[in-house]
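Chain and residue survey
Residue strings, one per chain:
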Amino acid sequence: MVVAIKVLKLQHQRASKSFIAEGRALRNIRHRNIVKILTICSSVDYSGNAFKALVLEYMPNGSLDSWLHPSANDEHHQLRTLSLVQRLNVAIDIACALDYLHNHCQAPIIHCDLKPSNVLLDDDMIAHVGDFGLARILSEDINYSHSQTNSLAIRGTIGYVAPEYGVGANASTYGDVYSYGILLLEILTGKRPNDDMFSNNLNLHQFAKMALPESVMEIIDQRLLSEEIEVIRHSENYNKIRSIMHESLVSLVKIGVSCSHDSPKERMEMKDVVVEMHKVRDFYLSA
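Residues numbered from 1 in each chain as written. Predicted model: local features only at pLDDT ≥ 70, side-chain atom pairs only at ≥ 80, totals over all residues. Heavy atoms only, no water.

Considering the overall build of the chain
Scanning the chain for helices and strands turns up 11 helices and 7 strands. By the compact-globule yardstick of 19 Å for 287 residues, the chain fits well, its C-alpha radius of gyration being 20 Å. Overall, the chain is about 70 × 45 × 35 Å in size when its C-alpha atoms are taken along their principal axes. With 287 residues in all, the chain has 49% of them scored as buried. A fraction of 67% describes how many contacts in the chain between residues 6 or more apart in sequence connect residues 24 or more apart. Mean positive and mean negative side-chain charge positions of the chain (28 and 34 charges, respectively) differ by 6 Å. (Helix = DSSP H or I, 4+ residues; strand = E, 2+ residues; numbered from the N terminus. Rg over C-alpha atoms; globule rule 2.2 N^0.38 Å. Buried < 20%, exposed > 50% of the residue type's maximum accessible area, 1.4 Å probe, protein only. Contact = heavy atoms within 4.5 Å. Lys, Arg positive; Asp, Glu negative; His and termini not counted. Charge placed at Lys NZ, Arg CZ, Asp CG, Glu CD.)

Some remarks on the sheet that holds strand E3 (residues 50-57)
If you trace the 3 strands from one edge of the open sheet to the other, you get E1-E3-E2, paired in antiparallel fashion. Either end of the sheet is taken by a strand with one partner, and the two such strands are strand E1 (3-7) and strand E2 (37-44). Along the sheet, successive strands turn relative to each other by an average axial angle of 20°, direction set aside. The pairing of E2 with E3 spans 7 bridges and is classified as antiparallel. Counterpart to serine 42 in the pairing with E3 is lysine 52. Its contacts with the sheet put helix H1 (residues 15-26) on E1, E2 and E3, and the angle it makes with E3 is roughly 35°. (Pairing = 2+ DSSP bridges. Axes fitted to C-alpha atoms, helices over the stretch in contact; angles between N-to-C directions.)

Some words on helix H9 (residues 222-232)
Here H9 has its buried residues at Leu224, Leu225, Glu228, Ile229 and Ile232. The buried side chains of H9 occupy one side of the element, clustering within an arc of 120° when seen end-on. Elements that come into contact with the buried residues of H9 comprise helix H4 (84-103), helix H6 (173-189), helix H8 (216-219), helix H10 (238-259) and helix H11 (270-285). Among the residues of H9, the N-terminal cap falls to aspartate 221, whose side-chain oxygen and the backbone nitrogen of arginine 223 are separated by 3.0 Å. (Arc of directions from axis to C-beta. Polar contact = N/O pair within 3.5 Å; in protein donor to acceptor, adjacent residues only side chain to side chain.)

Focus: the nonpolar core
With 84 residues, the main nonpolar core has Leu64, Ile94, Leu101, Tyr180, Leu249, Val273 and Met277 as its most contacted residues. Per-element accounting of this core gives the leading share, 12 residues, to H4. Those residues within four positions of isoleucine 94 in sequence are excluded, and the remaining contacts are Leu64, Leu114, Val119, Ala127, Val129, Tyr180 and Leu183. (Core = buried A, V, L, I, M, F, W, Y, C linked by side-chain atoms within 4.5 Å.)

Focus on the confidence of the model for the chain
When pLDDT is averaged along the chain, the result is 88; 90% of the residues meet or exceed 70. Per-residue pLDDT stays below 50 along residues 142-153; that stretch engages in 9 contacts with residues further than four places along the chain or on separate chains. (pLDDT = per-residue confidence, 0-100.)

Remarks on the packing of H6 against H11
It is at 11 Å that the axes of H6 and H11 come closest, and there the two elements cross at 25°. In terms of orientation, H6 lies roughly parallel with respect to H11. The two elements H6 and H11 cross, and the hand of that crossing is left-handed. In contact with Val177, Tyr180 and Leu184 of H6, H11 contributes Met270, Val273 and Met277. Its residues assigned to classes, the contact of H6 with H11 shows 6 nonpolar, no polar and no charged. (Parallel < 35°, antiparallel > 145°, perpendicular 65-115°, else oblique. Left-handed = near helix turned anticlockwise from the far one by under 90°. Nonpolar A, V, L, I, M, F, W, Y, C, P; charged D, E, K, R; others polar.)

A word on the packing of H10 against H11
Between H10 and H11, the least distance of the axes is 9 Å, while the angle of their chain directions is 170°. Taken together, the axes of H10 and H11 are roughly antiparallel relative to one another. Residues Ile244, Met245, Glu247, Ser248, Ser251, Leu252, Ile255 and Cys259 of H10 form the contact with H11, whose participating residues are Val273, Glu276, Met277, Val280, Phe283 and Tyr284. Looking at the contact of H10 with H11, its residues break down into 10 nonpolar, 2 polar and 2 charged.

Considerations on the pairing of E3
Here E1 runs beside E3; their pairing, made up of 5 bridges, is antiparallel. Across the sheet, isoleucine 5 pairs through a bridge with valine 55, a residue of E3. The loop that links E2 with its antiparallel partner E3 comprises 5 residues; one of these, glycine 48, has a positive phi angle of about 85°.

As structure tokens, this is what we get:
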């Protein structure tokens, strides 16, 4: 059996806490869209130094990040582009994982660090959410003091972390929803939230919102559009299929924008996101 081994660098200040958080978050959850932890190792190495590692199921197709942003030096990935259906499927897989964590675990679990590099793809291109080193189990946070919560709140990755965390708000499921919204917009546009084009008051959320609805095709990842147009170019129903594709992309961008509002109260819940994403996929596949 081929496995992936995540060895923690224990010289980093949060490494031990991350190891405990990931183990506790993953020990009782089972879902097809969450990376499975096979076992853990906490021991000493040959030099007598502490050694901690997680043994995880191996994902042959690597991270979503490597597909969305292939390295210029990686010729193999340069030749591969995710189709719209594949991107839809991946986005739905991620939404299903978050819905499970938020609504179907014994205690709600907040991932706190959702981004493309933490989404892994298996042989069948099914997405699995991984890296629970920053995860919070909601029921365990109730008794934290305000100062403790503040010190934890800003965890995450710049560009994906919910804005309320930056001003000391408690970790919540709506923080994950924000990260999902940004991730969905990245999947569609091919642009990272920290792209050089985003400065001053312009960010990925505003960039997508301003394109709705007429200019959506102008912001979609051109690699994706080129491939999709080429596939349908000679179809007898070209105009109908292109219209359905446009409407589907508008709906997806709307979901991404809705999830990434600055105000948590304006964001969707993941259970509703899953429903809407399935509707879009069904509509697109009807073409």
